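Structural features, examined
If you want the building blocks of each chain, they are given just below.
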Amino acid sequence: MAGNIIPAIATTNACVAGMVVVEALKIICGQLDKCRAIFIARQPNPRGKILVDEKPASPNPNCYVCSVKGQVLIRVNLERMLLKTFLSTILLKTLNMLKPDVMDICQKHRVLISSEEGETDGIMDRTLQTLGVLNGSQLECDDYAQQLNFKIIIFHDDKLDADGFAVDSNVGNVEESVTGKIAATALDNENALDKDEELKRKRPSTAQETREVCMNEEDRMKDGSNDIEISPKRSRLE
């Protein structure tokens, strides 16, 4: 009995490989309407067939993988959820990603999670809010290990705990008004970040201000435009 296992596996693999080649030839020849999804049944059907074929199902418009929009809505507590919890619980366990790369579109594609080992380990213990992820933020997610690309839209829910979340991949149920609010919130977040960066550029740091004051003082001393007053105590010592 045990000796029949290897031939059975080899025979099944050969059948599957042959069917894959046949369907691949249809795709190469542009005969997509003739493509079929084929399954190997454990027992012959009433017609005596072991190989059962059917027309491939069309993409699910509500699936974040198959749909054209490719987006999923997630509610979390931005003030309490850590980035490492978001990675392990939502991306890996729930959305079945393998090696995710996540960038915040609203923060000019800031990298939050990288598939490169050690690149973002230093921020894993920080909450999403402290990393700039706001209500309505859009996260671009890529998984090159399985050619997966989609967008996550984050909503804040203060009723959830640090590990709680709710996923809604049914994009078709999202009303246009809600979609408009998402876009408006994301735009407001981006504008706010741009204003903060502009203020930081206009307002120099204390160290920079000190250096500029010292340089201006030295220039005035060289030009002789500013007389230096010697204290009486120093005059007596000289």
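Keep in mind the model is a prediction, meaning the values are calculated, not measured. (Residues numbered from 1 in each chain as written. Predicted model: local features only at pLDDT ≥ 70, side-chain atom pairs only at ≥ 80, totals over all residues. Heavy atoms only, no water.)

Notes on the overall build of the protein chain
Scanning the protein chain for helices and strands turns up five helices and eight strands. Reading the secondary structure of the protein chain in the N-to-C direction produces α-β-β-β-α-β-β-β-β-β-α-α-α. When burial is assessed residue by residue, the protein chain has 26% of its 238 residues classed as buried. Across the protein chain, every contact between residues at least 6 apart in sequence was considered, and the portion connecting residues at least 24 apart equals 61%. Of the roughly 16,700 Å² of accessible surface on the protein chain, 54% is carried by carbon and sulfur atoms. (Helix = DSSP H or I, 4+ residues; strand = E, 2+ residues; numbered from the N terminus. Buried < 20%, exposed > 50% of the residue type's maximum accessible area, 1.4 Å probe, protein only. Contact = heavy atoms within 4.5 Å. Areas by Shrake-Rupley, 256 points an atom, 1.4 Å probe, with all protein chains shown as cover.)

A short note on the confidence of the model for the protein chain
Residue-level pLDDT values for the protein chain average 77, and 68% of them are 70 or greater. Taken together, the stretch residues 171–183 has pLDDT below 50 and engages in 12 contacts with residues farther than four places along the chain or on a different chain. Long-range and interchain partners of residues 225–238, a stretch whose pLDDT sits below 50, account for five contacts in this model, where long-range means more than four residues apart. (pLDDT = per-residue confidence, 0-100.)

Things to note about the pairing of strand E3 (residues 71–76)
Burial within E3 is extensive, with five of its six residues counted as buried. Where E3 meets strand E7 (residues 148–156), six bridges bridge the pair, whose relative direction is parallel. Looking at E7, one finds that Leu73 is bridged to Ile153. Alignment of E3 against strand E8 (residues 165–168), held across four bridges, turns out to be antiparallel. Along E8, the bridge assignment pairs Val76 with Phe165. (Pairing = 2+ DSSP bridges.)

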